[in-house]
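If you want the building blocks of each chain, they are given just below.
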Amino acid sequence: MMMSSCSSISNNRVTLLVVVSLMLSALTVVVQGEDPYLFFTWNVTYGTLSPLGVPQQVILINGEFPGPNINCSSNNNIVVNVFNGLDEPLLFTWNGIQQRKNSWQEGMPGTNCPILPGTNYTYHFQVKDQIGSYFYYPTTAMHKAAGGYGGLRVNSRLLIPVPFADPEDDYTVLAGDWYTKTHSALKKLLDSGRSLGRPDGILINGKSGTTKDEPEPVVFTMLPGKTYRYRICNVGLKNSINIRIQGHTLKLVEIEGSHTVQNVYESLDVHLGQCYSVLVTADQQEPNKDYYMVASTRFTKSVLTTTAIIRYANGKGKGGPASPALTEAPIGWAWSLNQFRTFRWNLTASAARPNPQGSYHYGQINITRTIKLVNSAGTVDDKLRYAINAVSHVDPQTPLKLAEYYGITDKVFKYDIIKDEPPPTSSDDKITIAPNVLNATFRTFIEIIFENHEKSVQSWHLDGHSFFPVAIEPGTWSPEKRKNYNLLDAVSRHTIHVYPNSWAAIMTTFDNAGMWSVRSTALERQYLGQQLYISVLSPARSLRDEYNLPDNSLLCGLVKDMPMPQPYSIGG
């Protein structure tokens, strides 16, 4: 009997071990089957630096300005734990990352409650198949004017080829205009009804050439004969810039997540919020000499210019410093418009699935709705405001997306206070200040016209989607202008610029449920109302279309103490 009992116990142990082993194997399969995770911890603080030679307060991430690069691959899960060491509420957005089904991670005042001082919040999002060049930045108050921005690159997985050989190295170039006033001082100016005026200089990766306090400029090192990738983003506040490198050409290979036809340029206009990838070959006959990368403002009466150094490895500038004779940027916007028209989608390049980029035939889809948006400047109560179709957006205390999710939109905002056609005139006394939210039907193909009647170049960004910029032309838009559209190989992207007294047309499918910002990328104009949100609701209320509110979401405003709504389910 004892032996039988021992045998029974032994068999039970074997069975238990087998079950545990199978469970562990299943667990391993689940873990291995999930896309990789990248974890980041950010301590956001103030610091004192002299980007333009004048000590000023800047925003640092882990002590760095600009902030650390996020270097990931397609489908990676990104987890960023942000500790707010500032004395003001804080949010970050991930400019160009589409946040599929997940506008909860968008980091805009219309989608998220801010991270309060002395607290932390963890963003968790997936970059999906968006191979390309992006950046992040703070969206609260005027924080971007103090820094807090950094590069975000999404690399191709090994199995997905890109249409060029692997470069020797890959550099991020964050360039843009800059003010020596603190972000608080700039905010005070805008709150008082005044404009910011002209910026004080240009920065490349947080520096401006060589100054007394920054004796060493930004240096990019190249080996003779090798080719390098430069991801150039305009992270500035007000102006378009032109980028060029002495003695070297720029081969364009990618714009905001799309591979392009590989044209070669002497210089590139990069408008606010835009990111371009170029290949540069170290092919000069004087490899011991330095060369300047030059960034200068475009379409401004007085041109601001700064430089970084291109240095051939082992040369160390022994052959002499870079030539002080800087080539000037082109003049006028006709040149810039012609350059834009040369940008073409590479229809033969693989996409991330893989399949050809151009397999989506946007030119053959029927347009279901046309929205025409006209920007304007005016005053309300003697204070400067900017508007879209005569409405100047203001963020309510309860984020728009939370109000929608909790079913209290009637207490926070009204949908469609602007129409698809702008009013006949947008005179100063007709600007209305209110939350500006448009309703869009899920999965409809929409044409948006941006019409600019002002004297400055406008630049626009759309969250949650990419779109096809099918035309930019002088004058005003009318339906017969569609005959001039590029319906074959417009570059799929998320920003578009509009020249003075001109219009731009884009096409997109609103297939990503959520609350999405359409905004001016000029910080002053955005802060003073030139933005709106597009609500894309799935009628099925299904997890197949949109994720539920994350468990760690911050709550504020009217929803702070409300009971949780009924969550979405797979079946809707």
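Residues numbered from 1 in each chain as written. Predicted model: local features only at pLDDT ≥ 70, side-chain atom pairs only at ≥ 80, totals over all residues. Heavy atoms only, no water.

Going by what an unreviewed UniProt entry lists, the protein chain is known as L-ascorbate oxidase and is assigned to Davidia involucrata. For the record of the protein chain, the UniProt heading Sequence similarities (unreviewed entry) holds the text "Belongs to the multicopper oxidase family." (UniProt positions renumbered as here; feature names shortened; annotations may be inferred.)

Caption draft 1: Spotlight on the UniProt feature "domain: Plastocyanin-like" (unreviewed entry) in the protein chain. Look at the UniProt record and you will see "domain: Plastocyanin-like" (unreviewed entry) annotated at residues 43-157, 169-314 and 398-539. End C-alpha to end C-alpha, residues 43-157 measures 30 Å, and it is 0% helix and 43% strand. (Helix = DSSP H or I, 4+ residues; strand = E, 2+ residues; numbered from the N terminus.)

Caption draft 2: Molecular detail of the side chain of H494. Counting through the fold element by element, H494 comes out in the loop between β28 (468-474) and β29 (495-498). Within the structure, the side chain of H494 is placed 3.1 Å from the side chain of H461, a separation counted as a polar contact. H494 has contacts with N95, G96, Y134, E256, G273, W460, H461, L462, H465 and F467, leaving out every residue within four places of it along the chain. (Polar contact = N/O pair within 3.5 Å; in protein donor to acceptor, adjacent residues only side chain to side chain. Contact = heavy atoms within 4.5 Å.)

Caption draft 3: Local environment of the sheet that holds β29. If you trace the five strands from one edge of the open sheet to the other, you get β25-β32-β31-β27-β29, paired in mixed fashion. Of all the strands in the sheet, just β25 (437-441) and β29 have a single pairing partner and so form its edges. The mean angle between the axes of side-by-side strands here comes to 20 degrees, regardless of whether they run parallel or antiparallel. Judged from the six bridges that link them, strand β31 (residues 514-520) and strand β32 (residues 531-537) form a sheet pairing that is antiparallel. Of the residues in β32, the one forming a bridge with G514 is V536. (Pairing = 2+ DSSP bridges. Axes fitted to C-alpha atoms, helices over the stretch in contact; angles between N-to-C directions.)

Caption draft 4: Inspection of the packing of aromatic side chains at higher detail. Inspection of every chain in the model, using the stated rule, returns 31 aromatic pairs. Through pairs of rings, three or more aromatic residues link up here, namely W42, F92, W94, Y121, Y123, F125 and Y136. Positioned above the aromatic ring of Y137 is the side chain of K144, whose terminal nitrogen or guanidinium carbon lies 4.6 Å from the ring centre. Cation over ring: K401 sits above W104, and NZ or CZ is 5.3 Å from the ring centre. (Phe/Tyr/Trp six-rings, centres within 6.5 Å; stacked < 30°, edge-to-face > 60°. Lys NZ or Arg CZ within 6 Å of the ring centre and 35° of its normal.)

Caption draft 5: Structural view of the environment of Q284. Residue position: Q284 is located in the loop between β18 (275-281) and β19 (291-297). It is 7.1 Å that separates the C-alpha atoms of Q284 and G247, two residues lying 37 residues apart in sequence. The contacts of Q284, once residues within four sequence positions are left out, are G247, H248, Y291 and Y312. A polar side-chain atom of Q284 sits 3.4 Å from a polar atom in the side chain of D283.

Caption draft 6: Structural context of the pattern of salt bridges. Going through the model one piece at a time under the given rule, you end up with 18 salt bridges. A salt bridge links K238 to E524, with the nearest nitrogen and oxygen atoms 4.0 Å apart. Of this pair, K238 sits in the loop between β12 (227-234) and β13 (241-245) while E524 is found in helix α5 (residues 523-527), placing the two residues 286 residues apart along the sequence. You can call E524 buried: its relative accessible area is 5%. Two residues, K372 and E451, come together in a salt bridge whose shortest N-O distance is 3.4 Å. Of this pair, K372 sits in strand β21 (residues 369-380) while E451 sits in strand β26 (residues 445-452), placing them 79 residues apart in sequence. Side by side, K372 and E451 carry an identical accessibility label, which is buried. Connected via shared salt-bridge partners are R153, D170 and R231. (Salt bridge = Lys/Arg side-chain N within 4 Å of Asp/Glu carboxyl O. Buried < 20%, exposed > 50% of the residue type's maximum accessible area, 1.4 Å probe, protein only.)

Caption draft 7: Local environment of empty space enclosed by the protein. Using the criterion set out here, one finds five cavities of 30 Å³ or more in the structure. Of the volumes computed, that of the largest cavity is approximately 70 Å³. In terms of lining, the largest cavity is formed by L91, W104, T111, N112, C113, I115, Y121, L402, L549, S553 and L554. Looking at the lining of the largest cavity residue by residue, the classes come out as eight nonpolar, three polar and no charged. Taken as a whole, the second largest cavity spans an internal volume of roughly 60 Å³. Along its surface, the second largest cavity is lined by N95, F135, Y137, K144, G273, T521, L523 and Q526. Looking at the lining of the second largest cavity, the elements with two or more residues in it are β7 (132-138) and α5. Of the residues in the lining of the second largest cavity, the class split is three nonpolar, four polar and one charged. (1 Å grid on protein atoms, 1.4 Å probe; cavity = no way out; pocket = protein on both sides within 12 Å on 5 of 7 lines; lining within 4 Å. Points joined across faces, edges and corners; volume = space filled by probe spheres on them. Nonpolar A, V, L, I, M, F, W, Y, C, P; charged D, E, K, R; others polar.)

Caption draft 8: Structural detail: helix α3 (residues 333-342). Along α3, the residues that are buried comprise S336, L337, Q339 and F340. End-on, the buried residues of α3 take up no more than an arc of 160 degrees, which puts them together on one face. Looking at the buried residues of α3, the elements they touch are β16 (264-265), β17 (267-270), β28 and β29. (Arc of directions from axis to C-beta.)

Caption draft 9: Looking closely at unusual backbone geometry. A cis amide bond links F65 to the next residue, P66, at an omega of -5 degrees. Along the chain, P66 turns up in the loop between β2 (56-61) and β3 (70-73). One non-glycine residue with positive phi stands out, namely F299, at about 65 degrees. Within the secondary structure, F299 sits in the loop between β19 and β20 (305-312). Exposure remark for F299: the relative accessible area of 31% places this residue in the partly exposed category.

Caption draft 10: Examining the confidence of the model for the protein chain more closely. Confidence in the prediction of the protein chain, expressed as mean pLDDT, is 91, and 91% of residues score 70 or more. Per-residue pLDDT stays below 50 along residues 1-32; that stretch engages in zero contacts with residues further than four places along the chain or on separate chains. (pLDDT = per-residue confidence, 0-100.)

Caption draft 11: Broad picture of the state of the cysteines. Summed over all chains, the structure comprises two disulfides. With its sulfur 2.1 Å from that of its partner, C113 forms a disulfide with C556. With the S-S dihedral at roughly -85 degrees, the linkage between C113 and C556 falls on the left-handed side. Note that C113 is positioned in the loop between β5 (92-95) and β6 (120-126) and C556 in the segment after β32, a separation of 443 residues in sequence. Look at C113 and you get buried, because its relative accessible area is 4%. You can call C556 buried: its relative accessible area is 16%. The disulfide pattern of the protein chain is 1-4, 2-3 when the bonded cysteines are numbered in sequence order. No disulfide involves C72; its sulfur sits 13 Å from that of C275, the nearest cysteine. Since its relative accessible area comes to 1%, C72 is described here as buried. (Disulfide = S-S within 2.5 Å.)

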